[in-house]
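Secondary and tertiary structure notes
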There are 2 protein chains.
Amino acid sequence: MLSEPTLAEKPDDARLAALAKALAHPARLRILALLARTPGCIGGDIVQAVGLAQSTVSEHLRILKAAGVIEGQIDPPRVCYALAPGALAPLAALIGALEAASSDPACCVTPDKT
Amino acid sequence: MLSEPTLAEKPDDARLAALAKALAHPARLRILALLARTPGCIGGDIVQAVGLAQSTVSEHLRILKAAGVIEGQIDPPRVCYALAPGALAPLAALIGALEAASSDPACCVTPDKT
DNA sequence: ATACTACTTCGTTGATCGACGATATGCGTT
DNA sequence: AACGCATATCGTCGATCAACGAAGTAGTAT
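The rules we used
- Residue numbers run consecutively from 1 along every chain, following the written order of its sequence.
- Lettering of chains starts at A and numbering of ligands starts at 1, both following the order in which they are written.
- Per-residue local features of the predicted model are confined to residues with pLDDT of at least 70, and side-chain atom pairs are confined, for both listing and counting, to 80 or more; whole-chain, interface and lining totals are unaffected and use all residues.
- For helices the rule is a DSSP run of H or I covering at least 4 residues; for strands it is a run of E covering at least 2, with both sets numbered from the N terminus onward.
- For every residue, the other C-beta atoms within 10 Å of its own C-beta are counted; 20 or more classify it as buried, 12 or fewer as exposed, and values in between as partly exposed. C-beta atoms are placed from the backbone.
- A pair of residues counts as a contact when their C-beta atoms, built from backbone coordinates, are separated by no more than 7 Å.
- Should the C-beta atom of a residue, placed from the backbone, lie within 6 Å of a molecule or strand, that residue is near it.
- Gly is put with the polar residues, along with every residue not named as nonpolar or charged; the nonpolar set is Ala, Val, Leu, Ile, Met, Phe, Trp, Tyr, Cys and Pro, and the charged set is Asp, Glu, Lys and Arg.
- Between N-to-C directions, angles cover 0 to 180 degrees, with each direction set by a line fitted to C-alpha atoms, over the stretch in contact for helices.
- Every angle not falling under 35 degrees, over 145, or within 65 to 115 is termed oblique; those three ranges are roughly parallel, roughly antiparallel and roughly perpendicular.
- Here, any two strands with at least 2 DSSP bridges between them count as paired.
- Least squares is used to superpose the copies, and the fit set is the C-alpha atoms of residues whose pLDDT is at least 70 in both copies.
- Under the convention used throughout, the expected extent of a helix is 1.5 Å for every residue step, that is, one less than its residue count.
- A set of buried Ala, Val, Leu, Ile, Met, Phe, Trp, Tyr and Cys residues, joined to one another through C-beta atoms within 7 Å, is what we call a nonpolar core.
- Known as pLDDT, the predictor's per-residue confidence is scaled from 0 to 100.

Looking now at the overall build of chain A. Along the backbone of chain A there are five helices and three strands. Within chain A, the proportion of its 114 residues that are buried is 32%. Taking the intrachain contacts of chain A between residues at least 6 apart in sequence as the baseline, contacts between residues at least 24 apart amount to 54%.

Near DNA strand C lie 22 residues; those nearest to it are Ala53, Ser55 and Pro76 of chain A together with Gly43 and Ser55 of chain B. Secondary-structure elements contributing two or more residues to the surface near DNA strand C are helix 4 (54–66) of chain A together with helix 3 (43–50), helix 4 (54–66) and strand 3 (78–83) of chain B. The element that contributes the greatest number of residues to the surface near DNA strand C is helix 4 of chain B, accounting for six residues. Looking at the surface near DNA strand C residue by residue, the class counts come to 10 nonpolar, nine polar and three charged.

Time to look at the packing of helix 3 of chain B against helix 4 of chain B. All names here are of chain B. The contact between helix 3 and helix 4 brings their axes to 9 Å, and the two run at 110°. Judged by the angle between their axes, helix 3 and helix 4 are roughly perpendicular. Counting all contacts with helix 3, which are made through Gly43, Ile46, Val47 and Val50, the residues of helix 4 involved are Gln54, Val57 and Leu61.

A separate point is the interface of chain A and chain B. The partner chain B presents 50 residues to the 50 residues of chain A that form the contact. Among the elements of the structure, helix 1 (11–22), helix 2 (26–37), helix 3 (43–50), strand 2 (70–75), strand 3 (78–83) and helix 5 (89–102) of chain A are those that each provide at least two residues to the side of chain A that touches chain B. Sort the elements by how many residues they give to the side of chain A that touches chain B and helix 5 of chain A lands first, with 10 residues. Here the residues of the side of chain A that touches chain B sort into 33 nonpolar, nine polar and eight charged.

Here we come to the protein's contact with DNA strand D. Of all residues adjacent to DNA strand D, which total 23 residues, the nearest are Gly43 and Ser55 of chain A together with Ala53, Ser55 and Thr56 of chain B. Those elements that place two or more of their residues in the surface near DNA strand D are helix 3, helix 4 and strand 3 of chain A together with helix 4 of chain B. Ranked by residues supplied to the surface near DNA strand D, first place goes to helix 4 of chain A with six residues. A breakdown of the residues in the surface near DNA strand D according to their chemical character gives 10 nonpolar, 10 polar and three charged.

Okay, the pairing of strand 2 of chain A next. All names here are of chain A. Two strands pair when backbone bridges link them, and strand 2 and strand 3 are joined in this way by six bridges, in the antiparallel orientation. Paired with Gly72 across the strands is Tyr81, a residue of strand 3. Hairpin geometry of strand 2 and strand 3 is characterised by an intervening segment of two residues between the two adjacent antiparallel strands.

Quick look at the relation of the copies chain A and chain B now. Of the two same-sequence chains, chain A is brought onto chain B (RMSD 0.0 Å, axial shift 0.0 Å) by a rotation of 180°. The relationship between the two copies is best expressed as a two-fold rotation axis. For chain A, the residue whose C-alpha comes nearest the rotation axis is Ala20 of chain A, separated from it by 2.6 Å.

A few words now on helix 1 of chain A. A turn of α-helix holds 3.6 residues, and therefore any two residues three or four places apart point the same way. Over its 12 residues, helix 1 of chain A runs 17 Å from end to end, which matches the ideal 16 Å to within 8%, given 1.5 Å per residue. Of the surrounding secondary structure, the elements contacted by the buried residues of helix 1 of chain A are helix 2, helix 4 and helix 5 of chain A together with helix 1 (11–22) and helix 2 (26–37) of chain B.

Moving on to the nonpolar core. By size, the foremost hydrophobic cluster in this structure holds 58 residues, and its most contacted members are Ala20, Leu35 and Leu91 of chain A together with Ala20, Leu35 and Leu91 of chain B. Discounting residues that sit within four places of it in the chain, Leu91 of chain A has contacts with Leu16, Leu19 and Ala20 of chain A together with Ile95 of chain B.

In this section: the confidence of the model for chain A. Regions with low pLDDT carry predicted coordinates that are not meant to be interpreted in detail. Residue and element names in this part refer to chain A. Mean pLDDT over chain A works out to 85, with 82% of the residues at or above the 70 mark. By mean pLDDT, strand 1 (residues 41–42) is the weakest element of chain A at 86, and helix 4 is the strongest at 97. Of the regions scoring below 50 in pLDDT, residues 1–9 engages in eight contacts with residues more than four places distant in sequence or in other chains. A low-confidence stretch, residues 109–114 stays under pLDDT 50, and its non-local contacts, those more than four residues away or across chains, total three contacts.

Let's shift gears to helix 2 of chain A. Across its 12 residues, helix 2 of chain A extends 17 Å between first and last C-alpha, which sits within 8% of the 16 Å expected from 1.5 Å per residue. Of the residues making up helix 2 of chain A, those classed as buried are Pro26, Arg28, Leu29, Arg30, Ile31, Leu32 and Leu35 of chain A.

All names here are of chain A. Strand order in the open sheet formed by three strands is 1-3-2, and the pairing between neighbours is antiparallel. Looking at the sheet topology across the chains shown, the edges are occupied by strand 1 and strand 2. As paired elements, strand 1 and strand 3 share two bridges and run antiparallel to each other. In the strand pairing of strand 3, Ile42 is matched with Cys80. Together, strand 1, strand 2 and strand 3 form the strand contacts of helix 2, whose direction differs from that of strand 3 by roughly 90°.

Structure (structure tokens):
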């Protein structure tokens, strides 16, 4: 008998949660904003702009790369980072759907008790 | 002398990061999806749909409320939950801007070395 | 008053995160 | 070969997260 899918049966949720987690730190948002206005940023420039230790920034960049949000092209000894096209589209679609649903005026209709 | 703002001087980043963090768990995404298609959900229904312990779901609901993503209307002894209109608009705007920037073909232009 | 329901909070546990300095790695230059 | 540069990784520490069962809280019904 088929039951309603549990949490573990919705891989999309885990993927979207991972995307959201990549954005869930101010430093990573700052890095993304920098890459948005300066395509092709060098790691050292990012370290300067963010104001954290080089190893910390490197870790944040690693997290963003692992989530597929940015790409890094090696130009030894530097790495040239850029936003990955379309990487956030699934999250954009999710949030768009939630925003559309939240505008529905039928929220919180309490059942008639008479 | 004014320097480039550091991380701590961009409160928007922290707020947007907090919004993203609220979405950074599959269970919370599942709850939001449920509320999107069933406005006005009772806590007990959410517990059944998510498949976690009641106290765990309560904690996730608390996190979503604290982030302002959902609202809860008390109808004793139940609570009626719904998506908060416009709560994710700032995150939608951020992601939209990043997506627009990532489509820019000027990515990773390496400086001419001659 | 008590009993029940639904939800919130607490305490615990193990896992994960984010900061850093120190160190390792890979590449190009000399 | 050695050196320098830029980046990646490691180890550590304190903080935070997410799961649970148990206990607490608030409102309603009897």
